[in-house]
Amino acid sequence: MSHAARRFALACTIVLIVPAGHAGSPVAGTPVAGTPMASGSGGAVATISEQASQSAMAILDKGGNAIDAAVAAAATLGVTDPYSCGIGGGGFMMIYLAKDKRVITVDHRETAPGKITPTVFQENGKESNLDATIASAASVGVPGTVRGWHEALSRYGTMSFKQVLAPAIGVASKGFPVRENFNRMSADNQKKFQLFASSSALFLKDGKPLAVGTVLKNPGLAKAYRELAAQGQKAFYQGPIARAIVDAVARPPVAAGVRVRAGAMSMADLANYEARIRQPVRTTYRGYEIVGMPLPSSGGIAIGEALNLLEGYNLKALPRASAEHLTMEASRLSFADRNAYLADPEYVDAPVAGLLSKEYAARRRTQMNLERAGPKVLAGDPYPFQNDPSVPQRPQATRLLADNAHTTHLAVSDKEGNIVAYTFTIESWGGSGIVVPGYGFLLNNEMTDFDFSGPHPNVPEAGKRPRSSMAPTMAFKNGKPAFTIGSPGGATIITTVLQTIVNHVDFGMPMDKAINAPRLSQRNDATTEIEPGFAGSAQALALEKLGYKWAARPEEIGAANAIVFNADGTVTAVSEGKRHGVGSALVQKSAN
Ligand code: GLU
C-alpha cells in the first residue's frame, strides 16, 4: 500500500530457542532487554504511548475500573498518536466483566454514510485509484469512537466523560514532545497533510514535519474533549462538532489550488450512529478458550479458524521451521475464507459457525501443504458445517484487498479483575488526512476497507460497516483469564495475534519473548511478508528451504500490547520493546 516510506528501523530479535515449557505454561526466562514489562498486583496497562499508560494509571489510582481507564488511555492516544486513532475513527472494545465472568464487545466501527452506493469507488466501471480515494472526503465513514466510549462508560464504567477525559485534556493543552517516531510518521504523511490547510497547520511547520523535541499542543482537540466532558456524546453527534465534520466532508478544507473528492455525510448520519454490543466469537485451543472479535471484524473468526487448523498438529514437537510453516499455511487457508465470506453481519449471512467448526477445520486441514510453502488456495466450503439451510449464494472471490497498517491497541485490567482489550483506528496512517477545522482530530478513511471491485460480501452499502481485521483477543484457562493480546497492522493484525498466541502457547515463550519474536505474515499470497532484519537470519534460511519467498516490508509488523494473568494472582503487562518507537507497560503495585 501507499505509505511508501514506512521505515521504522527494526533490528529483529531472532529467537531460535524453544524453551521446554509445557504447552500453556510458558516458562519465565530472562526478560527481553528493553521490553516494557511490569509485574505486580492491582491494575495493569499496556499501550504504545507513555502518556496514555499514565492516564490509565491515574484513573485506576482514582478508583476507576478498567473500562474507565481504557477510555482515558484511548483519549490520550488520540492526542499523542493522532495518526493511528482518535475520535474521528472507530474501533472494537472487548470487555471482560469479572463479577459476571462474561465477555462482551462494543463494536463502534464507522458506518457508510446514507448516500454511499456499491459503485461509489468505481469510475467508468474500474476501481477508483486507492491513494486518491484515501486522501479525500469520499473515504470518510461516520465516526464511532465517541459513541463506543459512551456505551462502554455508561454500561460498564464507573466514571463520567468529564473524569476520564481530564488526563487527555491535560496532555492536549500542555502538549507533548515530538519524538523520532512521530517525526517519521509526519514525514510519511507529509504529502497527504499538505493537501489540507487545517492538517498542515496542526501537524507541519512550513510544510515540513515538526522537529524532534518540538512540544505539540492541540488546543482544538482539548476543546472537542471539553465539549464532550460538558455535554456527553451528543456534543459530537449533534452539536457544533457534528456540523464541523459534515462541513469538512462536504467541502474538504484543502490548501490553495488543491482539489480532492468530497463526500456526502449528513447530520442525520451522525445523529443516527449507533454502537453495537456484540457477543464475541469463541474457540478452544490446547486447553485455552480463545475469545475473539466478531463481525464486522474478521479478526476473531480468522484467528479462530487458523487455531482450529493448527490444533491438529503437535507444533511443540516439531522443528521450529516446520511449526512456523504450519502456522503460515493455517493462516493462508483462513485468509482465503476470510477474503471470500466475511463482511458486516447486518448485511451478509456469513457462515461464521461453519468457519469456526472443528469438523470444518478437520476437512480443511486436508488442504494444508505439510511439507512446502503452498500456492494460493481457494476458499473452502463451510456451508455444510453451518447447519443453516438458508445459505446465500456462495461467494468464491479470494482477492486480497490492498491493506493499510496503522491503528493502535491497548490492554487494561483493574484490581477487581475486569479487563479491556481495545483496538481502534482511523484506518491508514493519518486517515483521510483531513483535520476537522477547529477541533484538531483527523477524519478516518475507513470506507477504503470496503471492496471496490463490485459484487462481493464486503461491497460498500449505505449504513454498512466495512470489514475489519482488528482482533482484540482474550484467552481463558479453566474459566479464568490467562492473557489478553492485540495489535494494529491492518490484515497483519490477524497474523500477529495468531503468531503471538502460537509463540506463547505452543513454543512456551513468556509474553515478552512472544511479542519480541520476528513477525511473519502469510495471507494467502505467493510471498510472505517479513520485517526488516529478518532476511538472512537462520530462521529465514530454514524456512526458505521449505520454499518460502519473502516480501520485505520497509517497516515492522504491528505493535502488540498484552497482559498476562499469572497463576499466583499477579499480572504482567507487556508492550513493544522496539516496534512503533517503544511502548509502555505499568502496574499499579509493582512486584519489585
Ligand atoms: N482499518 C483496518 C481494519 O479495520 C485497521 C487499520 C490498521 O490496523 O492498520 O482492519
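Residues numbered from 1 in each chain as written. Predicted model: local features only at pLDDT ≥ 70, side-chain atom pairs only at ≥ 80, totals over all residues. Heavy atoms only, no water.

Draft legend 1. How the structure looks around empty space enclosed by the protein. Counting across every chain of the model gives five cavities of 30 Å³ or more. In this structure, the second largest cavity encloses a volume near 80 Å³. Every residue along the wall of the second largest cavity is listed here: Glu-324, Thr-327, Met-328, Ser-331, Thr-495, Leu-498, Gln-499, Leu-520 and Gln-522. Elements represented by at least two residues in the lining of the second largest cavity include exactly helix H13 (320–341) and helix H16 (492–505). The element that contributes the greatest number of residues to the lining of the second largest cavity is H13, accounting for four residues. A class-by-class count of the residues in the lining of the second largest cavity yields three nonpolar, five polar and one charged. (1 Å grid on protein atoms, 1.4 Å probe; cavity = no way out; pocket = protein on both sides within 12 Å on 5 of 7 lines; lining within 4 Å. Points joined across faces, edges and corners; volume = space filled by probe spheres on them. Helix = DSSP H or I, 4+ residues; strand = E, 2+ residues; numbered from the N terminus. Nonpolar A, V, L, I, M, F, W, Y, C, P; charged D, E, K, R; others polar.)

Draft legend 2. The pattern of salt bridges, seen in detail. All told, the structure shown has 30 salt bridges when counted by the stated rule. Arg-278 is the partner of Asp-107 in a salt bridge, and the nearest nitrogen-oxygen pair spans 2.8 Å. Remark: Arg-278 occurs in strand S10 (residues 276–278) and Asp-107 occurs in strand S3 (residues 102–108); sequence separation between them is 171 residues. Owing to a relative accessible area of 13%, Arg-278 belongs among the buried residues under this scheme. The partner of Glu-329 in a salt bridge is Arg-332, and the shortest N-O contact between them spans 3.1 Å. A residue pair is termed a helical-turn pair when its members lie 3 or 4 positions apart in one helix, as Glu-329 and Arg-332 do in helix H13 at three residues. For Glu-329, a relative accessible area of 2% gives the class buried. Residues joined in a network through salt bridges with shared partners are Asp-107, Glu-274, Arg-276, Arg-278, Glu-346 and Arg-465. (Salt bridge = Lys/Arg side-chain N within 4 Å of Asp/Glu carboxyl O. Buried < 20%, exposed > 50% of the residue type's maximum accessible area, 1.4 Å probe, protein only.)

Draft legend 3. Summary view of the site of the ligand. In the vicinity of the ligand there are 16 residues, among which His-406, Thr-407, Glu-427, Glu-446 and Gly-490 approach most closely. For the ligand, a nitrogen atom lies 2.6 Å from a polar atom in the side chain of Glu-446. One of the side-chain nitrogen or oxygen atoms of Asp-449 is found 2.6 Å away from a nitrogen atom of the ligand. Relative to its free-state accessible area of 290 Å², the ligand is covered by the protein chains to the extent of 99%. When grouped by side-chain class, the residues that make up the shell around the ligand number four nonpolar, eight polar and four charged. (Near = heavy atom within 4 Å. Polar contact = N/O pair within 3.5 Å; in protein donor to acceptor, adjacent residues only side chain to side chain. Areas by Shrake-Rupley, 256 points an atom, 1.4 Å probe, with all protein chains shown as cover.)

Draft legend 4. Structural view of the confidence of the model for the protein chain. Here the protein chain shows a mean pLDDT of 91. Residues at 70 or above account for 91%. Contacts for the low-pLDDT stretch residues 1–29, under 50 throughout, to residues beyond four places or in other chains number 86 contacts. Scored below 50 in pLDDT, residues 395–400 makes 22 contacts in the model with residues more than four places away or belonging to other chains. (pLDDT = per-residue confidence, 0-100. Contact = heavy atoms within 4.5 Å.)

Draft legend 5. Geometry of unusual backbone geometry. Across the junction of Leu-295 and Pro-296, the peptide omega takes the value 15 degrees, indicating a cis bond. Relative to the elements of secondary structure, Pro-296 occurs in the loop between strand S12 (288–292) and helix H12 (299–310). The phi dihedral of Asp-206 is positive, around 50 degrees, even though this residue is not glycine. Under the relative-accessibility criterion, Asp-206 is labelled exposed at 72%. Residue Asn-524 is not a glycine yet carries a positive backbone phi of 60 degrees.

Draft legend 6. Just the pairing of strand S14 (residues 419–425), in detail. Counting buried positions along S14 yields seven of seven residues, so the element is predominantly enclosed. In S14, alternate side chains face the same way, and those of Ile-419, Ala-421, Thr-423 and Thr-425 on one face and Val-420, Tyr-422 and Phe-424 on the other are all buried. Pairing of strand S2 (residues 90–97) with S14, which is carried by seven bridges, proceeds in the antiparallel orientation. For Gly-91, the partnering residue across the bridge sits in S14 and is Phe-424. By the bridge criterion, six bridges tie strand S13 (residues 408–413) to S14 in an arrangement that is antiparallel. Following the sheet pairing, Val-412 is matched in S14 by Val-420. In textbook terms, the turn of a hairpin is the stretch between consecutive antiparallel strands, and for S13 and S14 this stretch comprises five residues, one of which, Gly-417, has a positive phi near 100 degrees. (Pairing = 2+ DSSP bridges.)

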